[in-house]
Amino acid sequence: MRVGLYPGTFDPITLGHIDIIRRAAALVDKLVIGVAINRDKGPLFSLEERVAMIEAECAHLTEQTGTEIVAHPFENLLIDCARDVGAQIIVRGLRAVADFEYEFQMVGMNRALDDSIETVFLMAEARHQAIASKLVKEIARLDGDVSKFVTPAVKAALTERLS
């Protein structure tokens, strides 16, 4: 069974994330969405809320693709999380050249730790390239319309949290 790991904080999950998840599901039999705890980032949503959002947003993708998609919280090294879930592939989404520079360094470090786990980069679709959770939260905080960037359920969660 081919297992992929798509890690991130997903605070909140965006249409860009969902695009990468949908396309990554075509590459593997099981896709684990690694939800990073990362207390340093001070997430808007709790770990439990982020996992629940991912599960809700990905349920239809599992049905559409036939690929098992599960959320898995983690707080250890990414390469250790990949080992824990049995992943042979780490999936990373890219939006811009700046993302690539950071990701390139991460791949080098991960390969030094375990060269049996490959990293695959998927470019976000053009309409999703500008989407970043950090910016979505800022727009929502300032009462902007985030409906182009997140699903209706996530928009409702943002509105509720920030009101």
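Cut-off values and rules
Residues numbered from 1 in each chain as written. Predicted model: local features only at pLDDT ≥ 70, side-chain atom pairs only at ≥ 80, totals over all residues. Heavy atoms only, no water. Core = buried A, V, L, I, M, F, W, Y, C linked by side-chain atoms within 4.5 Å. Buried < 20%, exposed > 50% of the residue type's maximum accessible area, 1.4 Å probe, protein only. Helix = DSSP H or I, 4+ residues; strand = E, 2+ residues; numbered from the N terminus. Contact = heavy atoms within 4.5 Å.

A. Region of the structure containing the nonpolar core. Of all hydrophobic cores here, the largest spans 33 residues; its most connected members are Ile21 and Leu158. Contributing elements (two or more residues each) for this core: α1 (15–25), β2 (30–36), α2 (47–65), β3 (68–74), β4 (89–94), α5 (133–141) and α6 (152–162). Setting aside anything within four residues of it in sequence, one finds isoleucine 21 in contact with Tyr6, Ile13, Leu31, Ile33, Cys58, Leu61 and Ile69. Counting residues in hydrophobic clusters, the runner-up holds 13 residues, among them Val32, Ala82, Val85 and Ala87.

B. Spatial organisation of unusual backbone geometry. Along the chain, aspartate 11 connects to proline 12 via a cis peptide bond; the corresponding omega equals 0 degrees. Here phenylalanine 10, not a glycine, exhibits a phi torsion of approximately 50 degrees, which is positive. Not every positive phi belongs to a glycine, and aspartate 143 is a case in point at roughly 65 degrees. The residue aspartate 143 is located in the loop between α5 and α6 in this model. Overall, the relative accessible area of 74% leaves aspartate 143 in the exposed class.

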